Amino acid sequence: MTGFPRLSPVAERAVLVEFGDSIDAAVNARVIALDRALAGRPFPGFVEATPAYVNLLVEFDPLETTHAEAVAALEALIAALPETTAGQGALREVAVCYEGDLAPDLDSVAGQLGLSREAVIAAHLAGDYRVHMYGFAPGYAYLAGVPEALRLPRKTQPVRDIRAGAVMIAGPQCLVSTLTMPTGWWLIGRSPTRILDPEGARPFLFDVGDRVAFRRIDRAAYDRAMADGVPA
């Protein structure tokens, strides 16, 4: 993209590295590649990097490093990034049930798109999902890759008290909720798969850059998994 990457100072202790200005798999792959390069070869004073869809916020200790030194180190890492960054990350599987009250917006989504319920489900299962970032709430992994045929803008009004495990879509994004919260996204199913485990050795199921595959289960399998407390 013209004008990218773009490196900008943020306050006295960070640099924002932008690789683009719209949700794009190739752009996000560059973000993730730089994040991993920093983890492997941190510059003096490096503190933390926070990846998002199109940019990486790189924080450093201003007592050890200046903006100019951080920018120089980042430019060297960017220049050494591999040309091809696709295919990195593990494949994670998430079970989802699309039945009854677990999918309260499925009929509405189907009607707006001119599809049958089964066609919406098939399209959702066929999506090529990748974790682009965490944000908004603990364990909220934003997945890009919703097929064009399923893309709808967010609702005009959010709905309160949506339970954890809701599988929802909005535009090109998909998300599995981890807490009871309001949302304006379209609720097309629910998953018993635990995404957030604060007390576990691995608090989040996904890493940024992981691929996600949804696997359809029926209501009986969903209920068993919820009762047993184990993945379906």
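Draft legend 1. Up close: the pattern of salt bridges. Enumeration over the complete set of coordinates arrives at 13 salt bridges. For E118, the salt bridge is made with R216, and the minimal N-O distance between the two is 3.0 Å. Here R216 lies in strand β13 (residues 211–216) and E118 lies in helix α4 (residues 117–126), a separation of 98 residues in the sequence. Take E118: its relative accessible area is 46%, and that puts it in the partly exposed class. For E148, the salt bridge identified is with R151, shortest N-O distance 3.3 Å. A relative accessible area of 62% means that E148 is categorised as exposed. For R151, a relative accessible area of 33% translates into the label partly exposed. Salt bridges linked by common partners bring R92, R202, D207 and D210 together as one network.

Draft legend 2. A look at the packing of helix α3 (residues 106–113) against α4. Two elements in contact, α3 and α4, have axes whose closest approach is 9 Å; the angle formed by their N-to-C orientations is 95°. With respect to α4, the element α3 is oriented roughly perpendicular. In contact with L106, D107, V109 and A110 of α3, α4 contributes R117, V120 and I121. Residue classes in the contact of α3 with α4 are distributed as 5 nonpolar, no polar and 2 charged.

Draft legend 3. Summary view of the layout of surface pockets. The calculated volume of the largest pocket comes to roughly 400 Å³. Along its surface, the largest pocket is lined by 23 residues, and P192, T193, R194, I195 and L196 are the ones closest to its centre. Take the lining of the largest pocket: its biggest share by element is 3 residues, from helix α5 (residues 219–228). The residue makeup of the lining of the largest pocket, split by class, is 13 nonpolar, 6 polar and 4 charged.

Draft legend 4. Examining the side chain of N28 more closely. With respect to the helices and strands, N28 occurs in helix α1 (residues 25–40). Note on N28: relative accessible area 1%, which makes it buried. In this structure the side chain of N28 is engaged in a polar contact, spanning 3.3 Å, whose partner is the backbone oxygen of H132. When residues no more than four places from it in sequence are discounted, the contact partners of N28 are A52, Y53, V131 and H132.

Basis of the calculations
- Residues numbered from 1 in each chain as written.
- Predicted model: local features only at pLDDT ≥ 70, side-chain atom pairs only at ≥ 80, totals over all residues.
- Heavy atoms only, no water.
- Salt bridge = Lys/Arg side-chain N within 4 Å of Asp/Glu carboxyl O.
- Helix = DSSP H or I, 4+ residues; strand = E, 2+ residues; numbered from the N terminus.
- Buried < 20%, exposed > 50% of the residue type's maximum accessible area, 1.4 Å probe, protein only.
- Axes fitted to C-alpha atoms, helices over the stretch in contact; angles between N-to-C directions.
- Parallel < 35°, antiparallel > 145°, perpendicular 65-115°, else oblique.
- Contact = heavy atoms within 4.5 Å.
- Nonpolar A, V, L, I, M, F, W, Y, C, P; charged D, E, K, R; others polar.
- 1 Å grid on protein atoms, 1.4 Å probe; cavity = no way out; pocket = protein on both sides within 12 Å on 5 of 7 lines; lining within 4 Å.
- Points joined across faces, edges and corners; volume = space filled by probe spheres on them.
- Polar contact = N/O pair within 3.5 Å; in protein donor to acceptor, adjacent residues only side chain to side chain.

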